[in-house]
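Read off the chains here:
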Amino acid sequence: MAHLDQIDPKKLPHHVAIIMDGNGRWAKKQGLFRSKGHESGTKAVRDVIEATAEIGIPFLTLYAFSTENWNRPKLEVQTLMRLLVSSLKKELPTLHKNNIKLNAIGALEDLPKKAQIELRDVIEDTKNNDRLTLTLALSYGAREEITKTIKEISSKVKNNIISIENIDESIINEHLYTLNLPDVDLLIRTSGEQRISNFLLWQIAYAELYFTEVLWPDFRKTDLYEAILNFQNRERRFGKTSEQLN
Ligand code: IPE
Ligand code: IPE
Ligand code: MG
């Protein structure tokens, strides 16, 4: 089992993003309703947030609900939205205690009003915390994000606020939901699926990908340590040769 003291504090990923998958299969395996899987998944969320802060990683982004997830049965969508509101209410003191700042990305205006208000309140309440920025991806889809970005930039070009010649990667970055976040260094997906499912397409351009069979509700601190240790054993070359790096 991986331990915290095995992790090299000088080689930490700056930004870890997680596709929290497998709640439904976890529930089905024990003859429970899918909603029980989502409920149990909140324990894993708490564990991972705490571990991330303890390790000293400054940015954590969790994929909680995709634009495609709106196509799930109405009852499941309702359960997920209710769980979001109750978790936000419940976790606020813990966020404060651990000096964590909450952030959210996605088409937030599509969330139920209650969830929007709760989210806005917790974001406001934690805005001065600075140990860890926890970003929840809610009603998030990378294609929707990129489309929105293109529309905003085009409209600025049309109104002579920016010129076509000046469009570069940093201008694009400034129009994404993730404008205040660094690139993702490590992307983790649980439950054995090896796909991106419309998550952070632009931001993971050079992320290290880590897939584990563990179903999200079973994911614990030690599983995160294992992912980080795996990350620390990789050579990130960013297009260069190995010799250039040494
Ligand atoms: C992830 O678990 C949670 C969300 C996508 C909201 P799933 O609900 O996708 O679980 P599986 O993939 O069906 O097991
Ligand atoms: C991705 O999981 C979205 C979240 C974890 C929130 P899904 O379970 O929705 O992805 P697919 O449908 O298997 O690709
Ligand atoms: Mg899934």
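The structure we're discussing is the one just above.
Residues numbered from 1 in each chain as written. Chains lettered and ligands numbered in written order. Predicted model: local features only at pLDDT ≥ 70, side-chain atom pairs only at ≥ 80, totals over all residues. Heavy atoms only, no water.

Inspection of the region around ligand 2 gives Ile19, Met20, Asp21, Tyr63, Ala64, Phe65, Asn69, Arg72, Arg189, Arg195 and Ser197 as its neighbouring residues. A distance of 3.3 Å separates an oxygen atom of ligand 2 from a polar atom in the side chain of arginine 189. When ligand 2 sits alone it has 390 Å² of accessible area, and the protein chains cover 77% of it. Here ligand 2 occupies the largest pocket. (Near = heavy atom within 4 Å. Polar contact = N/O pair within 3.5 Å; in protein donor to acceptor, adjacent residues only side chain to side chain. Areas by Shrake-Rupley, 256 points an atom, 1.4 Å probe, with all protein chains shown as cover. 1 Å grid on protein atoms, 1.4 Å probe; cavity = no way out; pocket = protein on both sides within 12 Å on 5 of 7 lines; lining within 4 Å. Sits in = over half its atoms within 2 Å of the grid points.)

Positive phi values are uncommon outside glycine, yet asparagine 99 reaches one of about 60 degrees. Along the chain, asparagine 99 falls in the loop between helix H3 (74-97) and strand E3 (100-105). Backbone geometry at serine 191 places phi at a positive 80 degrees, although glycine is not the residue there. Within the element layout of this structure, serine 191 appears in the loop between strand E5 (186-189) and strand E6 (208-211). (Helix = DSSP H or I, 4+ residues; strand = E, 2+ residues; numbered from the N terminus.)

Right, let's get into the pattern of salt bridges. Inspection of the entire model under this criterion finds 17 salt bridges. For glutamate 193, the salt bridge is made with arginine 195, and the minimal N-O distance between the two is 3.4 Å. Relative accessible area serves as the criterion here: at 21%, glutamate 193 is assigned to the partly exposed category. Via salt bridges that share partners, Asp21, Arg25, Arg189, Glu193 and Arg195 belong to a single interconnected network. (Salt bridge = Lys/Arg side-chain N within 4 Å of Asp/Glu carboxyl O. Buried < 20%, exposed > 50% of the residue type's maximum accessible area, 1.4 Å probe, protein only.)

Relative to the 34 Å expected for 24 residues at 1.5 Å per residue, H3 spans 35 Å between its end C-alpha atoms, a close match to the ideal helical length. Remark: the principal bend of H3, roughly 45 degrees, maps to glutamate 91, with a proline, proline 93, within the next four residues. For H3, the complete set of buried residues consists of Glu76, Val77, Thr79, Leu80, Met81, Leu83, Leu84, Val85, Leu88, Glu91, Leu92 and Leu95. If you follow the buried residues of H3, they end up packed against helix H2 (34-55), strand E2 (59-66), E3, helix H4 (113-125) and strand E4 (132-140). Just beyond H3, the residue with positive phi is asparagine 99, at close to 60 degrees. (Expected span 1.5 Å × (residues − 1). Bend = angle between axes of the 7 residues up to and from the residue. Contact = heavy atoms within 4.5 Å.)

The next point concerns a nonpolar patch on the surface. Taken together, the side chains of Ile146, Ile150 and Leu201 define a hydrophobic patch exposed on the protein surface, amounting to about 240 Å² of accessible area. Note on placement: isoleucine 146 falls in helix H5 (residues 142-158). (Patch = residues over 30% accessible without salt bridge, like charges linked within 9 Å, V, L, I, M, F, W, Y side chains within 5 Å.)

A cluster of like negative charges, contributed by Asp168, Glu169, Glu174 and Asp183, occupies part of the molecular surface. By the element assignment, aspartate 168 lies in the loop between H5 and helix H6 (169-175). (Lys, Arg positive; Asp, Glu negative; His and termini not counted. Charge placed at Lys NZ, Arg CZ, Asp CG, Glu CD.)

The next subject is the pairing of E6. Here is the key point about a regular strand: its side chains alternate between the two faces of the sheet. On E6, burial follows the alternation: Glu208 and Tyr210 on one face are buried, whereas Leu209 and Phe211 on the facing-out side are not. Relative to E6, E5 runs parallel, the two being bridged by 4 bridges. Its bridge partner lying in E6, leucine 186 is registered against glutamate 208. (Pairing = 2+ DSSP bridges.)

Moving on, we get to the environment of aspartate 47. Turning to its location among the elements, aspartate 47 is positioned in helix H2. With relative accessibility at 22%, the residue aspartate 47 sits in the partly exposed group. Linking aspartate 47 and arginine 220, residues 173 residues apart in sequence, is a C-alpha distance of 6.0 Å. Setting aside residues up to four positions removed in sequence, aspartate 47 forms contacts with Arg220 and Lys221. A distance of 3.2 Å separates the side chain of aspartate 47 from the backbone nitrogen of lysine 221, its partner in a polar contact.

What follows concerns the site of ligand 1. Close to ligand 1 lie Met20, Asp21, Gly22, Asn23, Gly24, Arg25, Arg34, His38, Ala64, Asn69, Arg72 and Leu80. Aspartate 21 has a polar side-chain atom sitting 2.9 Å from an oxygen atom of ligand 1. Here arginine 25 contributes a side-chain N or O atom positioned 2.7 Å from an oxygen atom of ligand 1. In a pocket analysis with a 2 Å cut-off to the grid points, ligand 1 is assigned to the largest pocket. At the level of elements, helix H1 (23-29) and H2 are the ones that each hand at least two residues to the shell around ligand 1. By residue number, the principal contributor to the shell around ligand 1 is H1, which donates 3 residues. For the shell around ligand 1, the per-class residue count stands at 3 nonpolar, 5 polar and 4 charged. (Nonpolar A, V, L, I, M, F, W, Y, C, P; charged D, E, K, R; others polar.)

Geometry only, nothing functional implied.
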